[in-house]
Amino acid sequence: EVQLLESGGGLVQPGGTLRLSCAASGFTFSSYGMSWVRQAPGKGLEWVSGIITDSSTYYADSVKGRFTISRDNSKNTLFLQMNSLRAEDTALYYCAKTPAGRSMLPLDWGQGTLVTVSS
Amino acid sequence: QTVVTQEPSFSVSPGGTVTLTCGLSSGSVSSSSHPAWYQQTPGQAPRTLIYTTNIRSSGVPDRFSGSILGNKAALTITGAQAGDESDYYCVLYMGDGIWVFGGGTKLTVL
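Since we're looking at a predicted model, the values are computed, not measured.

Overview of the overall build of chain B
Counting secondary structure elements, chain B contains 0 helices and 11 strands. Taking 110 residues into account, the globule formula puts the C-alpha radius of gyration at 13 Å, and chain B, at 13 Å, falls close to it. Over its C-alpha atoms, taken along the principal directions, chain B stretches across nearly 40 × 30 × 25 Å. Scored against the burial criterion, the 110 residues of chain B give a buried share of 48%. Counting contacts in chain B only where the partners sit at least 6 residues apart, residues at least 24 apart contribute 53% of the total. Side-chain charges in chain B split into 5 positive and 6 negative, and the spacing between the mean points of these groups amounts to 4 Å.

Some remarks on the sheet that holds strand 3 (residues 18–24) of chain B
Residue and element names in this part refer to chain B. Strand order in the open sheet formed by 4 strands is 1-3-8-7, and the pairing between neighbours is antiparallel. The open sheet has two free edges, formed respectively by strand 1 (4–6) and strand 7 (64–69), since each of these has just one partner strand. With strand direction ignored, the average angle separating the axes of adjacent strands in the sheet is 20°. Pairing of strand 7 with strand 8 (residues 72–77), which is carried by 6 bridges, proceeds in the antiparallel orientation. The residue bridging Gly66 from the neighbouring strand is Leu75, located in strand 8.

Considering the packing of aromatic side chains
Enumeration over the complete set of coordinates arrives at 6 aromatic pairs over all chains. Residues A:Phe27 and A:Phe29 carry aromatic rings whose centres are separated by 6.3 Å and whose planes lie at 50° to one another, so their mutual orientation is tilted. Classification of A:Phe27 as buried rests on a relative accessible area of 15%. Using a relative accessible area of 1% as the deciding quantity, one classes A:Phe29 as buried. Taking 5.7 Å as the distance between ring centres and 80° as the angle between the ring planes, the aromatic pair formed by A:Phe27 and A:Tyr32 counts as edge-to-face. By the ring-pair criterion, three or more aromatic residues cluster together here, those being A:Tyr94, A:Trp109, B:Tyr38 and B:Phe101. In this structure, A:Arg71 is placed above the aromatic ring of A:Phe29, and the distance from its NZ or CZ to the ring centre is 4.5 Å.

Here's the deal with the side chain of A:Thr113
All names here are of chain A. For Thr113, the location among the structural elements is in strand 11 (residues 113–117). Note on Thr113: relative accessible area 9%, which makes it buried. Sequence-distant contacts of Thr113, defined by excluding residues within four places in its chain, comprise Glu6, Ser7, Gly8, Gly9, Leu20, Ala91, Leu92 and Tyr93.

Focus on the nonpolar core
Counting residues in each nonpolar core, the largest one holds 25 residues, and the members touching the most others are A:Met34, A:Trp36, A:Phe67, A:Leu78, A:Leu80, A:Met82 and A:Tyr93. For this core, the element with the highest residue contribution is strand 3 (residues 18–25) of chain A, accounting for 4 residues. In this structure, A:Leu80 is in contact with A:Leu18, A:Arg19, A:Leu20, A:Trp36, A:Val48, A:Ser49, A:Phe67, A:Thr68, A:Ile69 and A:Tyr93, ignoring residues within four places of it in sequence. Listed in part, the 21 residues of the second largest apolar core include B:Val4, B:Leu20, B:Val60 and B:Cys90.

Concerning the interface of chain B and chain A
Each partner contributes to the interface: chain B provides 17 residues, whereas chain A provides 18 residues. Summed over both partners, the interface of chain B with chain A buries about 1,500 Å², with 66% contributed by carbon and sulfur atoms. Broken down residue by residue, the surface that chain B buries against chain A is led by B:Pro46, B:Trp99 and B:Phe101, which jointly contribute 37%. On the surface where chain B and chain A come into contact, there are 0 salt bridges. The interface formed by chain B and chain A includes 4 residue pairs in polar contact (both at pLDDT 80 or more). Secondary-structure elements contributing two or more residues to the side of chain B that touches chain A are strand 4 (36–40), strand 5 (47–51), strand 9 (87–95) and strand 10 (98–101) of chain B.

Thresholds applied
Residues numbered from 1 in each chain as written. Chains lettered and ligands numbered in written order. Predicted model: local features only at pLDDT ≥ 70, side-chain atom pairs only at ≥ 80, totals over all residues. Heavy atoms only, no water. Helix = DSSP H or I, 4+ residues; strand = E, 2+ residues; numbered from the N terminus. Rg over C-alpha atoms; globule rule 2.2 N^0.38 Å. Buried < 20%, exposed > 50% of the residue type's maximum accessible area, 1.4 Å probe, protein only. Contact = heavy atoms within 4.5 Å. Lys, Arg positive; Asp, Glu negative; His and termini not counted. Charge placed at Lys NZ, Arg CZ, Asp CG, Glu CD. Pairing = 2+ DSSP bridges. Axes fitted to C-alpha atoms, helices over the stretch in contact; angles between N-to-C directions. Phe/Tyr/Trp six-rings, centres within 6.5 Å; stacked < 30°, edge-to-face > 60°. Lys NZ or Arg CZ within 6 Å of the ring centre and 35° of its normal. Core = buried A, V, L, I, M, F, W, Y, C linked by side-chain atoms within 4.5 Å. Buried area = accessible area lost by both parts, 1.4 Å probe. Salt bridge = Lys/Arg side-chain N within 4 Å of Asp/Glu carboxyl O. Polar contact = N/O pair within 3.5 Å; in protein donor to acceptor, adjacent residues only side chain to side chain.

Structure below.
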């Protein structure tokens, strides 16, 4: 059974940094693309970033240059480094496994970790 | 910037059939958009229903089906049940590694 456990969320001031982690189990982590998707309170889903098996990375325009996605296949863990945080980055951040190595389509979802950017 | 469009709300009677659509503000949706559909109830993580146009995710009943209708992706729910009352989101591949979600459709079963 695929399990994805996000952590690292919390309250941070505007301009601050935060690093999210997603511990994966139940599948061969290194063989799949992974994505981060966020959902602001009361709003819809927004694809944030993805990484495929060759570690190529992709970002939504809203976070490009501020967020960095990475993976540690030896630890079955996905990361999202978030810098220069803004109020509009406040959201529940979901980690998602994709159907294939070169895909970033969210398929299996974690339960999310909440990021709040506020002074 | 191209926007992914969905009906903000839809209503269906119990036992009825409803088709939700997912389009582009500019251009047409095709299989190369790799449309996917998600169901989300309040306080829960999204659940994947359909991906790559028409592949049902594990455990999803065959009451849910995906297709391309005209220039849009479509999610059809047959035999609607009270438990289908949820928010439904589509996502489309825009190229260059970028995926964009639609704004979601709130489905009411009554």
